[in-house]
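Each chain is listed here by its residues.
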Amino acid sequence: MYAEDELLPISGLQHLSFCERRWALVHIEGQWEDNRFTAEGKLVHERAHSGEVGSLAGVLVRRTIPVRSFELGLVGQTDVVEFHRVDSGGVRIAGQSGQWRPFPIEYKRSRDKVGNAYRIQLCAQALSLEEMMGTTVPEGAVYDSLQRRRHAVAFSPDLRAEVAALAQRMHELHGLRKTPPPRYEKKCDSCSLLPVCLPRALCERSAIEYVAREAADAGKSGGL
Ligand code: SF4
C-alpha cells in the first residue's frame, strides 16, 4: 500500500508502456513536446471534460471524476464515467435509487490507433474506481471522437496484471530519478519527444565515445 504523497499520475502509464525514457523525460525532467497527435488528443480531452453531469435511460454520466489507488500507487482523473443501472453488485449514488455499475470511458483522437496504451490507462482508472467504490468494474470503452465510435475494453486478468506491473515499474523508476539512455526504434518517429530525446544522435555519440574509450584502454594496456 502506498501513502497519499507517494501516488504517481495514471497518465504516466501511457508514456511508460510506450517507452521508459519517454516517461522519464516527461515525469522526471518535465519535458513535453506537442506534436500533431498530442495536440489533437488535448483538444478531445478538453471536450470530454467540458460538461458536468448527464443522464440517459438507465445510465448516469459523470465527467472528470478524481480517482486514486493506494494499492497501485496511482492518482488521476477519468474523462467520463457512465453508471449503468444493475440489479445487484453495483454502488449507490446520492440522489438516485437502485444500484449502478461504473463504466469508464477514455476519449481519444481517431488518427492514433486505439492501441494497448489506451487500454492500460483505462484499466488503471477502472482499478482505481474498484478500490474507491468497493465494486467490480469489468469493462469500459475508448471513444474515438472523429469516427464517433466506441471500442469496448474488457478488463481481463492479463490487462490488470500488466497495469499492476507497469505501476510497480513506474515507482521503481521514480525512486531511481534517472532517465534511461535513448535507443532508436521505429516508434521514435511518431514520438512527440523525438526533438528533445534525439535518440539517433545520442546513440551515435555514445557509440563513438565507446569506441574511443576502448581504443584508449587498449593503448594503455598495449593491446590493439
Ligand atoms: S524518441 Fe524514442 S527513445 Fe526517445 S522518448 Fe521517444 S520513443 Fe523513447
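In this report, we go over the structure that sits alongside the text.

Each value, and the rule that gives it
Residues numbered from 1 in each chain as written. Predicted model: local features only at pLDDT ≥ 70, side-chain atom pairs only at ≥ 80, totals over all residues. Helix = DSSP H or I, 4+ residues; strand = E, 2+ residues; numbered from the N terminus. Buried ≥ 20, exposed ≤ 12 C-beta atoms within 10 Å, placed from the backbone. Contact = placed C-beta atoms within 7 Å. Near = placed C-beta within 6 Å. Nonpolar A, V, L, I, M, F, W, Y, C, P; charged D, E, K, R; others polar. Domains from an automatic or database assignment. Expected span 1.5 Å × (residues − 1). Pairing = 2+ DSSP bridges. Core = buried A, V, L, I, M, F, W, Y, C linked by C-beta atoms within 7 Å.

1. Quick look at the overall build of the protein
At step 1: Counting its regular elements, the protein contains seven helices and nine strands.
At step 2: Looking at the protein as a whole, 29% of its 224 residues are labelled buried.
At step 3: For the protein, restricting intrachain contacts to residue pairs at least 6 apart in sequence, the fraction spanning at least 24 positions comes to 62%.

2. Re the site of the ligand
At step 1: Near the ligand lie 13 residues; those nearest to it are Cys19, Arg22, Cys188, Cys191 and Cys197.
At step 2: Those elements giving two or more residues to the shell around the ligand turn out to be α2 (20-27) and α6 (194-197).
At step 3: Considering each element in turn, the shell around the ligand owes the most residues, three residues, to α2.
At step 4: Looking at the shell around the ligand residue by residue, the classes come out as nine nonpolar, no polar and four charged.
At step 5: Three or more residues apiece are contributed to the shell around the ligand by two domains, here domain 1 (4-180) and domain 2 (181-224).

3. Describing helix α1 (residues 11-18)
At step 1: For α1, the buried fraction is high: six of the eight residues fall into the buried class.
At step 2: Of all the residues in α1, the buried ones are Gly12, Leu13, Gln14, His15, Leu16 and Ser17.
At step 3: Against the buried residues of α1 lie β1 (8-9), α2, α4 (116-133) and α5 (157-176).

4. Regarding α4
At step 1: Here α4 is 18 residues long and its end C-alpha atoms lie 25 Å apart, about the 26 Å a rise of 1.5 Å per residue gives.
At step 2: Along α4, the positions that sit buried rather than exposed are Tyr118, Arg119, Ile120, Gln121, Leu122, Cys123, Ala124, Gln125, Ala126, Leu127, Ser128 and Leu129.
At step 3: Of the residues one or two after α4, Gly134 is the one with positive phi, at around 65°.

5. Observations concerning the environment of Phe18
At step 1: As for its position among the elements, Phe18 is in helix α1.
At step 2: Looking at Phe18, the number of C-beta atoms within 10 Å reads 18, which means it is partly exposed.
At step 3: Along the sequence, Phe18 and Asn116 sit 98 residues apart, while their C-alpha atoms lie 9.2 Å from each other.
At step 4: Filtering out sequence-adjacent residues up to four positions away, Phe18 remains in contact with Ala117 and Lys187.

6. A word on the pairing of strand β6 (residues 80-86)
At step 1: Pairing of strand β3 (residues 59-63) with β6, which is carried by five bridges, proceeds in the antiparallel orientation. Residue pairing for β6: Val61 is matched across the bridge by Glu82.
At step 2: Judged from the seven bridges that link them, β6 and strand β7 (residues 99-108) form a sheet pairing that is antiparallel. Each bridged residue has a counterpart across the sheet, and for Val81 the counterpart in β7 is Pro104.

7. Describing the nonpolar core
At step 1: Leu13, Cys123, Ala124, Val163 and Met170 are the most contacted members of the largest nonpolar core, which has 40 residues in total.
At step 2: Within the residue set of this core, elements represented by two or more residues are α1, α2, β6, β7, α4, β8 (139-144) and α5.
At step 3: Tallying contributions element by element places α4 first for this core, with eight residues.
At step 4: Two domains each put at least three residues into this core: domain 1 (4-180) and domain 2 (181-224).
At step 5: Look past the residues within four positions of Leu13 in its chain and what remains in contact with it is Ile120, Gln121, Ala124, Val163, Leu166, Ala167 and Met170.

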